[in-house]
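# Analysis of the macromolecular model
The residues making up each chain are set out below.
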Amino acid sequence: MNAYFAVTRFALAGALLPLLADHTMAQTPRRADQGVAQRQAENPNANVQAEALAEFQQRIQKYLDLRMELSRKLKPLSPTPNPADLAARQENLAAAIREARKNAKPGDMIPTRVATQIRTTIAEDFRRRNPDTKRAVFNEVPERIRPVINKTMPDSAALATVPPLLLNNLPRLPDNLQYRFMDRDIVLLDGDTRLIVDYILNVLPPH
Amino acid sequence: MPVTRRTLLSLTGQCLVAAAAESLLPFRAGAQGLPGAHIGDPNASTLPNVKDSIKFAVIGDTGTGGREQYQVGKLLNDARGRFPYEFVTMMGDNMYGGQGPSDFVKKFETPYKSILDANINFYATLGNHDDPAQRFYKPFNMDGKRYYSFRKGDVEFFVLDSTYMAPVQVDWLKDVLPKSNAKWKIPYMHHPIYSSGEKHGSEEDLRTLIEPLFRDNGVDVVFAGHEHFYERLKPQQGIYYFTEGGSAKLREGNIRVGSAMTAKGFDTDNSFMLVEIAKDQMFFETIARTGKVIDSGIVPRHGTTPGIKAGS
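Let me sum up the structure you'll find in this document. Given the structure is predicted, the values throughout are model-derived calculations rather than measurements.

### Points about the sheet that holds strand 3 (residues 196-200) of chain A
All names here are of chain A. Read from one edge to the other, the open sheet built from three strands follows the order 1-2-3, with strand pairing classed as antiparallel. The open sheet has two edge strands with one neighbour each: strand 1 (177-182) and strand 3. Ignoring strand direction, the axes of neighbouring strands in this sheet form an average angle of 25°. With four bridges joining them, strand 2 (residues 185-190) and strand 3 adopt antiparallel strand pairing. Paired with Ile 186 across the strands is Ile 200, a residue of strand 3.

### Let's talk about the pattern of salt bridges
Within the structure shown, the criterion is met by 29 salt bridges over all chains. In this structure, Arg67(B) engages Glu68(B) in a salt bridge whose closest nitrogen and oxygen atoms are separated by 3.7 Å. Of the residues examined, Glu68(B) reaches a relative accessible area of 24% and is grouped as partly exposed. With a shortest N-O distance of 3.5 Å, Lys183(B) and Asp280(B) are connected by a salt bridge. With a gap of 97 residues between them, Lys183(B) in the loop between helix 5 (167-179) and strand 7 (184-188) and Asp280(B) in the loop between strand 12 (271-278) and strand 13 (281-288) connect regions that are remote in the sequence. One salt-bridge network, held together by shared partners, links Arg67(A), Asp190(A), Asp192(A) and Arg135(B).

### Focus on the interface of chain A and chain B
Every contact between the two is made by 37 residues of chain A and, on the other side, 39 residues of chain B. Together chain A and chain B conceal approximately 3,300 Å² of surface at their shared face, both sides included; 54% is due to carbon and sulfur atoms. For the interface between chain A and chain B, the tally reads four salt bridges. Its salt-bridge partner being Asp175(A), residue Arg146(B) comes within 2.8 Å of it at the nearest N-O pair. Taken together, the connections running from chain A to chain B amount to 16 residue pairs in polar contact (both at pLDDT 80 or more). Those elements giving two or more residues to the side of chain A that touches chain B turn out to be helix 4 (83-100), helix 6 (131-138), helix 7 (164-169) and strand 1 of chain A.

### Observations regarding the packing of helix 4 of chain A against helix 3 (residues 101-109) of chain B
It is at 8 Å that the axes of helix 4 of chain A and helix 3 of chain B come closest, and there the two elements cross at 140°. With respect to helix 3 of chain B, the element helix 4 of chain A is oriented oblique. Helix-helix and strand crossings are classified by hand; for helix 4 of chain A and helix 3 of chain B the assignment is right-handed. Facing Pro83(A), Ala84(A), Leu86(A) and Ala87(A) of helix 4 of chain A, the residues of helix 3 of chain B in contact are Pro101(B), Phe104(B) and Glu109(B).

### Here we look at the environment of Ser196(B)
Residue and element names in this part refer to chain B. Checked against the element boundaries, Ser 196 lands in the loop between strand 7 and helix 6 (204-216). The exposure class assigned to Ser 196 is buried, which follows from its relative accessible area of 0%. Taking the C-alpha atoms as reference points, Ser 196 and Lys 55, separated by 141 residues in sequence, lie 28 Å from one another. Setting aside chain neighbours within four positions, we find Ser 196 in contact with Phe 229, Glu 231, Leu 233, Asn 254, Ile 255, Arg 256, Ser 259, Met 261 and Thr 262.

### Quick notes on unusual backbone geometry
The backbone phi angle of Arg144(A) is positive, close to 55°, even though this residue is not glycine. Exposure remark for Arg144(A): the relative accessible area of 74% places this residue in the exposed category.

### Describing the side chain of Arg146(B)
Residues and elements named next belong to chain B. Mapping Arg 146 onto the fold places it in the loop between strand 4 (121-124) and strand 5 (148-152). Polar contacts involving the side chain of Arg 146 include one to the side chain of Asp 161, which spans 2.5 Å. In terms of polar contacts, Arg 146 uses its side chain to reach the backbone carbonyl oxygen of Tyr 164, at 3.2 Å.

### Concerning the pairing of strand 8 (residues 221-224) of chain B
Residues and elements named next belong to chain B. Across the two faces of strand 8 the burial is the same, with Val 221 and Phe 223 and Val 222 and Ala 224 all buried. Where strand 8 lies against strand 10 (residues 240-244), four bridges are found, and the strand directions are parallel. For Phe 223, the partnering residue across the bridge sits in strand 10 and is Phe 242.

### A look at the packing of aromatic side chains
Under the definition given, this model contains 22 aromatic pairs over all chains. Seen in terms of ring centroids, Phe126(A) and Phe138(A) are 5.4 Å apart; in terms of plane orientation they differ by 20°. Their pairing is stacked. Of this pair, Phe126(A) sits in helix 5 (residues 112-128) while Phe138(A) sits in helix 6; the two residues are 12 residues apart in sequence, bridging distant segments of the chain. For Phe126(A), a relative accessible area of 4% puts it in the buried group. Phe138(A) sits in the buried class, given a relative accessible area of 15%. Each ring, one from Phe56(B) and one from Phe87(B), has its centre 5.2 Å from the other, and the planes form 10°; the classification is stacked. Highlighted residues: Phe56(B) in strand 2 (residues 54-59) and Phe87(B) in strand 3 (residues 87-90), separated in sequence by 31 residues. Across this residue pair, the class does not change: Phe56(B) and Phe87(B) are buried. Put simply, the rings of Phe56(B), Phe87(B), Tyr123(B), Tyr148(B), Phe150(B), Phe157(B), Tyr188(B), Phe223(B), Phe242(B) and Phe284(B) pair up and form one aromatic cluster. Positioned over the ring face of Phe87(B) is Lys152(B), at 5.1 Å from the centre of the ring.

Reading the values: the criteria
Residues numbered from 1 in each chain as written. Chains lettered and ligands numbered in written order. Predicted model: local features only at pLDDT ≥ 70, side-chain atom pairs only at ≥ 80, totals over all residues. Heavy atoms only, no water. Pairing = 2+ DSSP bridges. Helix = DSSP H or I, 4+ residues; strand = E, 2+ residues; numbered from the N terminus. Axes fitted to C-alpha atoms, helices over the stretch in contact; angles between N-to-C directions. Salt bridge = Lys/Arg side-chain N within 4 Å of Asp/Glu carboxyl O. Buried < 20%, exposed > 50% of the residue type's maximum accessible area, 1.4 Å probe, protein only. Contact = heavy atoms within 4.5 Å. Buried area = accessible area lost by both parts, 1.4 Å probe. Polar contact = N/O pair within 3.5 Å; in protein donor to acceptor, adjacent residues only side chain to side chain. Parallel < 35°, antiparallel > 145°, perpendicular 65-115°, else oblique. Left-handed = near helix turned anticlockwise from the far one by under 90°. Phe/Tyr/Trp six-rings, centres within 6.5 Å; stacked < 30°, edge-to-face > 60°. Lys NZ or Arg CZ within 6 Å of the ring centre and 35° of its normal.

What follows is the structure, encoded as C-alpha cells:
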C-alpha cells in the first residue's frame, strides 16, 4: 500500500525526522539535536500532517479490503464479452459496497487535515496556471451537480480530466480509486463501480 | 538540402503547399491526383498494401450510436476489400451518454458488426466519456487494464489512459517504453498533447509529463482523439501527431484558422484513418464520410532515410 501513497515533501520531512534524528544522533548528538529542534520549530505541523496522511492511507486500505471481500462473494469484475454480464457484476458490487457503507458520511475517508492539504494543493496549482490552462481544466467538468456518497457518477457526466501535474502533488491513490472534479467539488471515485466514496466541497475556484 | 526526418513526410493535394513550406518530398507517382480519389477506386489508394506489413485502422470519438457513426462504420468495413487491415485502434469516447448493455450494442456492436464478424480485433483506449469499467469488455481487448501495450510484428502500441494520468501510469510508461525493442513505438490516447482545436486545444499538463518520454525513447508517431475533427500536426520535437476524433461526432469549423501547428486539418465531415507500416515507413490515408481521401502520406521511422523519391 505504501507504494500507492505519495508522501509529500511536507509529510516526508515529518516522517523522516525521527529516523534522521536517530541516525545522526549516534554520531553527533549535539548537532542532531539542534537540527531536529530547528526543523520542528520551522515546521511544527509536519508530524501531524504525516499522521493524517497515514490515517488516510489506512482508511483507503480498509475500503479496498472491504471491496475485495465483497468481490470475492460476488462474480468479480473480469473481462467478459457480454455487456449485460459486465453491467450486472458492476451493479452487484456497487450495491454490496453501498450496503456495507450505508452510514458513510463526508470525511469518513479523507481526514480533515488531508482535505485541507488537498484544498491548498489545488489552490496553489490554479494560481500557477494561465487562463488557457485554467479553461482547459474546467472543460467538461460536470456542472450543477452535487456529490452524494454512495451515488454513482451519472453516465451523462464526462469524467473530467484532473490535470496530471496536479495529480502529481495530491496524495497518491491506488489505481482503482481516482480523484475527479464535479462542479466545484472534488470526489474520490471508485473506478470500477463509479461510486462516490467521499468528497470535498468547493475546492475549485468559480468557473 | 540534407534529407532529414522532418523533410520526409510526403503529402498530397492541398497539403503540397504545406509540404513545400516544410521542404517535404513529393508523393510517389502512384498517388498523384489523390484529391477526389474515392474508396473503392483501386487507383486511389496511397497504401502500398504489401505482404507482411502491419495494417490497421484508426477511429476516434465513435460512440454516439448515430447515423454518422454507422456511415463511417460501413465505409470502414468496405475499406477491407481493398486494404485488409488486421485490427482497429479506438481513440476513446467509445460510448457517449448511457453505458448500459443496450448501449454497447447500439454504439459499438451494431455499427461495426461486419468487422467484428470478420474477427478483426478492436483495441480501445478510454476517453473522458467512457466508464472505466469498459476495460473489462472483451471486444475492446484491454484485458481489464486502463493502460496497456500490445505488439504486432515490429510495432508496439502503448495505449494510455489520458483521462487519468496519475504518477503510477507515468511510472509504467517510463518502465515499458525504454524496454521495448520494437522498431516502431506508437502511443495512443484520448487527449492530444498538441491540437489546434478551439474547443479543447493542446493538453499541456499531459505534454509536460509524457512528451520527454516519447522524445527520449524513439517514438515516431502518436495518435489521439477528443477533438471532433481530423488533424495532422507538423512534427513536434521530431514526432508526428495525428488527431482522429471525428469518426462519429463532428465539431465543424473548430480547427483554429491559421494555427501554426496544423499540417493538415479536416473539420467539415467525419473521417477515419487507414495505416500501413512496412519496414521503416508508415503510410497513412485519411478518408472522409463521403469516401473521399482527404489526406495521405508517409512517415519515416526515426534514424532512417528511406529515400522516397517522386516516381519511385
